[in-house]
Amino acid sequence: MHRVTEHKEDVSVVLRGSVAKFFVGAVIHWDRSVREAMDSINTPGFGVYIHIPFCRTKCNYCTFVIKPWRKDLAERYSRAVIQELDLFLSENEVSGVADTIYFGGGTPSLVPAEHIAALLSTCRRHFDVPQNCEISLEANPGTVTAEKAAAYRGCGITRISLGAQTFDERSLQAIGRDHTAGQVATSLALLREKGFENINVDLILGLPEQDEIQWAGNLEMVTQLEPPHISVYMLELEPKSPLYHLVARGVHRVPDEDAVSDWYLGALDHLPGHGYAQYEISNFALPGYECRHNLKYWQRRPVFGFGIGSHSFDGRARYANLAGMNAYLSRVEAGISPVEWRRVLDEKEELGETLFLGLRLRSGLNWEELSEGFGAEQVAEYEKTLRSMSNDGLVEWRDSSIRLTPRGMLLSNEVFQAFV
Ligand code: SF4
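About the cut-offs
- Residues numbered from 1 in each chain as written.
- Predicted model: local features only at pLDDT ≥ 70, side-chain atom pairs only at ≥ 80, totals over all residues.
- Heavy atoms only, no water.
- Helix = DSSP H or I, 4+ residues; strand = E, 2+ residues; numbered from the N terminus.
- Buried < 20%, exposed > 50% of the residue type's maximum accessible area, 1.4 Å probe, protein only.
- Contact = heavy atoms within 4.5 Å.
- Areas by Shrake-Rupley, 256 points an atom, 1.4 Å probe, with all protein chains shown as cover.
- Salt bridge = Lys/Arg side-chain N within 4 Å of Asp/Glu carboxyl O.
- Lys, Arg positive; Asp, Glu negative; His and termini not counted.
- Polar contact = N/O pair within 3.5 Å; in protein donor to acceptor, adjacent residues only side chain to side chain.
- Pairing = 2+ DSSP bridges.
- Core = buried A, V, L, I, M, F, W, Y, C linked by side-chain atoms within 4.5 Å.
- Phe/Tyr/Trp six-rings, centres within 6.5 Å; stacked < 30°, edge-to-face > 60°.
- Expected span 1.5 Å × (residues − 1).

## Things to note about the overall build of the chain
Thought 1: Along the backbone of the chain there are 16 helices and 17 strands.
Thought 2: In the chain, which comprises 420 residues, the proportion classed as buried is 59%.
Thought 3: Excluding contacts between residues fewer than 6 apart, the proportion of contacts in the chain whose partners are at least 24 apart in sequence is 74%.
Thought 4: Total accessible area on the chain is roughly 16,900 Å²; 50% of this is exposed by carbon and sulfur atoms.

## Here we look at the pattern of salt bridges
Thought 1: Under the defined criterion, the tally for this structure stands at 16 salt bridges.
Thought 2: The salt bridge involving Arg343 is made with Glu349; its shortest N-O contact spans 1.8 Å.
Thought 3: With a relative accessible area of 40%, Arg343 lands in the partly exposed category.
Thought 4: When its relative accessible area of 26% is taken as the criterion, Glu349 is described as partly exposed.
Thought 5: One salt-bridge network, held together by shared partners, links Arg300, Arg318 and Glu353.

## Quick look at the side chain of Arg362
Thought 1: Following the sequence through the fold, Arg362 ends up in the loop between helix 12 (347–360) and strand 15 (365–366).
Thought 2: No salt bridge is formed by the buried Arg362; its nearest oppositely charged neighbour, Glu396, is found at 4.3 Å.
Thought 3: A distance of 2.7 Å separates the side chain of Arg362 from the backbone oxygen of Leu404, its partner in a polar contact.

## Remarks on the pairing of strand 11 (residues 303–306)
Thought 1: Where burial is concerned, the two faces of strand 11 agree: the one with Val303 and Gly305 and the one with Phe304 and Phe306 are both buried.
Thought 2: Pairing between strand 1 (residues 46–52) and strand 11: four bridges, direction parallel. Bridging across to strand 11, Tyr49 finds its partner in Gly305.

## Side note on the nonpolar core
Thought 1: Counting 109 residues, the largest nonpolar core has Phe103, Phe127, Ile157 and Leu386 as its most contacted members.
Thought 2: With eight residues, the single largest contributor to this core is helix 2 (residues 71–91).
Thought 3: With eleven residues, the next largest nonpolar core counts Cys55, Phe64, Ile175 and Leu207 among its residues.

## Quick look at the environment of Ala149
Thought 1: Following the sequence through the fold, Ala149 ends up in helix 4 (residues 146–155).
Thought 2: Relative accessible area serves as the criterion here: at 0%, Ala149 is assigned to the buried category.
Thought 3: Contacts of Ala149, omitting those with residues within four sequence positions, involve Val144, Leu191, Lys194 and Phe196.

## Some remarks on the packing of aromatic side chains
Thought 1: Under the definition given, this model contains twelve aromatic pairs.
Thought 2: Seen from their ring centres, Phe88 and Phe304 are 5.3 Å apart, and the 50 degrees between their planes marks the pair as tilted. You can see Phe88 sitting in helix 2 and its partner Phe304 sitting in strand 11, a full 216 residues away along the chain. A single burial state applies to Phe88 and to Phe304, both of which are buried.
Thought 3: Ring geometry for Phe88 against Phe306: centres 5.2 Å apart, planes inclined by 85 degrees, an arrangement best described as edge-to-face. Of this pair, Phe88 sits in helix 2 while Phe306 sits in strand 11, and the two are 218 residues apart along the sequence.

## Quick look at helix 12
Three- or four-residue spacings in an α-helix give side chains the same orientation, since the helix completes a turn every 3.6 residues.
Thought 1: Between its first and last C-alpha, helix 12 extends 20 Å over 14 residues, near the 20 Å set by a 1.5 Å rise per residue.
Thought 2: Most of helix 12 sits out of view: ten of its 14 residues are buried.
Thought 3: Among all positions in helix 12, only Leu351, Gly352, Glu353, Thr354, Leu355, Phe356, Leu357, Gly358, Leu359 and Arg360 are buried.
Thought 4: Its side-chain oxygen at 3.1 Å from the backbone nitrogen of Lys348, Asp346 defines the N-terminal cap of helix 12.

## Observations concerning unusual backbone geometry
For residues besides glycine, phi is generally negative; the peptide bonds are generally trans as well.
Thought 1: In the segment running from Gly105 into Gly106, the intervening peptide bond is cis, with an omega of 15 degrees.
Thought 2: Turning to its location among the elements, Gly106 is positioned in the loop between strand 4 (98–105) and helix 3 (113–126).
Thought 3: With a phi angle near 55 degrees, Glu226 is a residue other than glycine that sits in the positive phi range.
Thought 4: Relative to the assigned elements, Glu226 resides in the loop between helix 7 (212–225) and strand 8 (229–234).

Encoded structure:
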């Protein structure tokens, strides 16, 4: 859900989506505190990702594999994911603590809260889940009721990610969202009333009918609502999406890339001005509210995924589950692992991933640590590339620290291609 230019659990897709624009204007001052803050976020354990693929309707920009909401299918699916967790633990030995758990989708807030509670208690039965585990759930405005919010609190959810996307009704209608702008504030208030403090609000840049004034209004609105975490994704129109064809036929108009780039750069000024530090290309947080689960993807920590199409990384290999519902259910119900493919990474791939995932973070990379970890000879291969990116204004290289410039963030796809 809401992963417009990226999909959290699939590192290969992290490469999708950036706006191709040459920009040299904005300067973000190098801030050592960003690296120090990142270093202080302790994510030593592994993450657990649980995919809930159901949505009430399909947004017209979405190309993810989702399933229309069906109560009976959702019940069968939840049972199957519990079976998959049992199966996984009977076949694998996992050491360490599960210090983040993430329910992503789809729309996890559509399924009854009892399903979420049952999945969580299975995780607790199988994994060492510490008291301070970050347990996130993605929710769509309009699907959160007082009962559900209370039940989420009751079963231990600690963080909610709310897919607002925009506060403009015209844009919401144009992309086929099944909620109104007003429901974002209502859902946020409801969640707070039930004790949720750690809330993310997702926004999308480049939506149909968006203009400069509307985007500025979105930023104003989101900062007024004061969620401690804000994600800003850029819309990438994919030919497989219905929206692509609606735009091609002139039914909807999307803002041009230059405008979207300027608005993104504006957000890099606006959000820090309200206390939100940018810690990743698309993510901004008040101090201490960075998403620890998503940091695991960028820091290449192990994350085990469950459910259809989920992706995993065990520290050495990446692997993925079958994406088809029927194939997934029949495998799991027969007691067979639903893993479709598995690939052990070689050292060059590990280094490539470390480079492009690390560059997503504002804390960036540390050249000395890279040389120590991978060997000076291995990393030297990339030195020329990074030096030339530095000359082109795509990365800043100071002492041992390397990170993307604002222009590098806008051209991140092109930058990352050098490392894959
Ligand atoms: S809520 Fe919309 S964008 Fe998110 S997964 Fe469902 S259909 Fe896709």
